[in-house]
Amino acid sequence: MDWASPVYGAYRHTPEELVFGARLAWRNAARCIGRLYWRSLRVIDRREVTGADDVAAAAAEHLREAVRDGRRIRPVITVFAPDAPGRPGPRIWNEQLIRYAGYERPGGGVTGDPRNVGITALARRLGWPGGPGSAFDVLPLVIQGTDDKPRWFRLPPDAVLEVPIEHPEHPRWASLGLRWHAVPAIACMCLEIGGVCYPAAPFNGWYMGTEIGARNLADSDRYDLLPRVAELLGLDTASDRSLWKDRALVELNRAVLHSFDRAGVTMTDHHTESRRFLTHLGREESKGRTVGADWSWIVPPLSGSATPVFHRTYDTVERHPAYVHHPEALARTRGESGDALV
Ligand code: ARG
């Protein structure tokens, strides 16, 4: 196909355009507090890849690249084939490259991460036999190659770094059996540059502790651990006004930061990252650029008002290039669509 011809309604980015476009898309991400390092994004150009097997192999390679020395995490994006008229690029149906299964229990309730019940059930329908049944079973990747049905692929264990969550003081904490994966790698967002859409373009940064300690492990529709943490700490849960939830949250977040530090795995905290974000704003403004930001995503879910990002407002401008959610991609990642294909 002659990509240079406008007849086909498509064109091909130069490698330089792809690299700069992916970095700009990060700089433009209004929900991301970690944008100070947008220039450091490493771009792996795999635009020749359209088949599910090759996407799966490259996704594992992406995760190895992201933690190449085993500990220090680097921001990486792998860009697969774009959508072209009449020829969609490949798709990764998972929300992130590494996520934990959520198994619905017959009597109600979920073992694992309730957020991933849909994709877990979908992987099972595609033939995944399921994991050992723990609360932290790593999901397989569900990938749809160009001109193909979705298929599942196990992630090689050496591509998945995990951190057991311990508490700096409470010896009984380990009985909770908590862990989390080291690398957050969003896989369900489309990278859009100059009208070209790359539907499979997984990207990662490193974690901020609160994402795990104040959301993934704490939200009542996720691992919902505050009651169990409060019990372990011997807090009075009879009244909200004892602030048992708040105290449990703080200890859970201390445990997350302590554990990543102990394991030597890169993780930022919400105080540091809030300061860095203001540095980023200052730098951008000194270059005459306004920074689009969404207050409700930028302010950390723990101790918001103790961080400087709370005490101001932001421009809500949306810019391209961008990482965008497409409605059908969201439905796929939740396992709400795709039955016809399976
Ligand atoms: N909040 C998401 C999670 O806990 C990850 C989002 C991206 N985070 C990041 N630090 N790059 O899994």
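The structure we're discussing is the one just above.
To keep things clear, this report deals only with the structure shown in the data block.

## Quick look at the sheet that holds strand β1 (residues 42-45)
Here comes step 1: Spatially, four strands are ordered β1-β2-β13-β10 in an open sheet, and the strand pairing comes out mixed. The outermost strands of the open sheet, each flanked by one partner alone, are β1 and β10 (185-186).
Here comes step 2: Pairing analysis gives two bridges linking β10 to strand β13 (residues 203-204), with the strands arranged antiparallel. The residue of β13 that forms the bridge with I186 is F203.

## Things to note about the pattern of salt bridges
Here comes step 1: Per the stated rule, a full pass over the model turns up 22 salt bridges.
Here comes step 2: Across the pair R64 and D158 runs a salt bridge whose closest N-O atoms are separated by 2.6 Å. With R64 in helix α2 (residues 52-66) and D158 in the loop between β7 (150-153) and β8 (162-164), this residue pair connects regions lying 94 residues apart in the sequence.
Here comes step 3: You can call D158 exposed: its relative accessible area is 55%.
Here comes step 4: The closest approach of N and O atoms between R72 and D69, which form a salt bridge, is 3.4 Å.
Here comes step 5: On the accessibility criterion, R72 (53% relative accessible area) is exposed.

## Examining the packing of aromatic side chains
Here comes step 1: Taken as a whole and assessed by the stated rule, the structure comprises ten aromatic pairs.
Here comes step 2: Ring plane angle 85 degrees and centroid distance 5.1 Å describe the contact between Y100 and F136, whose orientation is recorded as edge-to-face. Taken as a pair, Y100 in the loop between β3 (91-92) and β4 (102-104) and F136 in the loop between α3 (117-125) and β6 (141-144) lie far apart in primary sequence, 36 residues in all. Of the two residues examined, Y100 and F136, each falls in the buried class.
Here comes step 3: A network of ring pairs unites the aromatic residues Y100, F136, W180 and Y223 as a single cluster.

Cut-off values and rules
Residues numbered from 1 in each chain as written. Predicted model: local features only at pLDDT ≥ 70, side-chain atom pairs only at ≥ 80, totals over all residues. Heavy atoms only, no water. Pairing = 2+ DSSP bridges. Helix = DSSP H or I, 4+ residues; strand = E, 2+ residues; numbered from the N terminus. Salt bridge = Lys/Arg side-chain N within 4 Å of Asp/Glu carboxyl O. Buried < 20%, exposed > 50% of the residue type's maximum accessible area, 1.4 Å probe, protein only. Phe/Tyr/Trp six-rings, centres within 6.5 Å; stacked < 30°, edge-to-face > 60°.

Interpretation note: all reported values are geometric properties and have no functional meaning in isolation.
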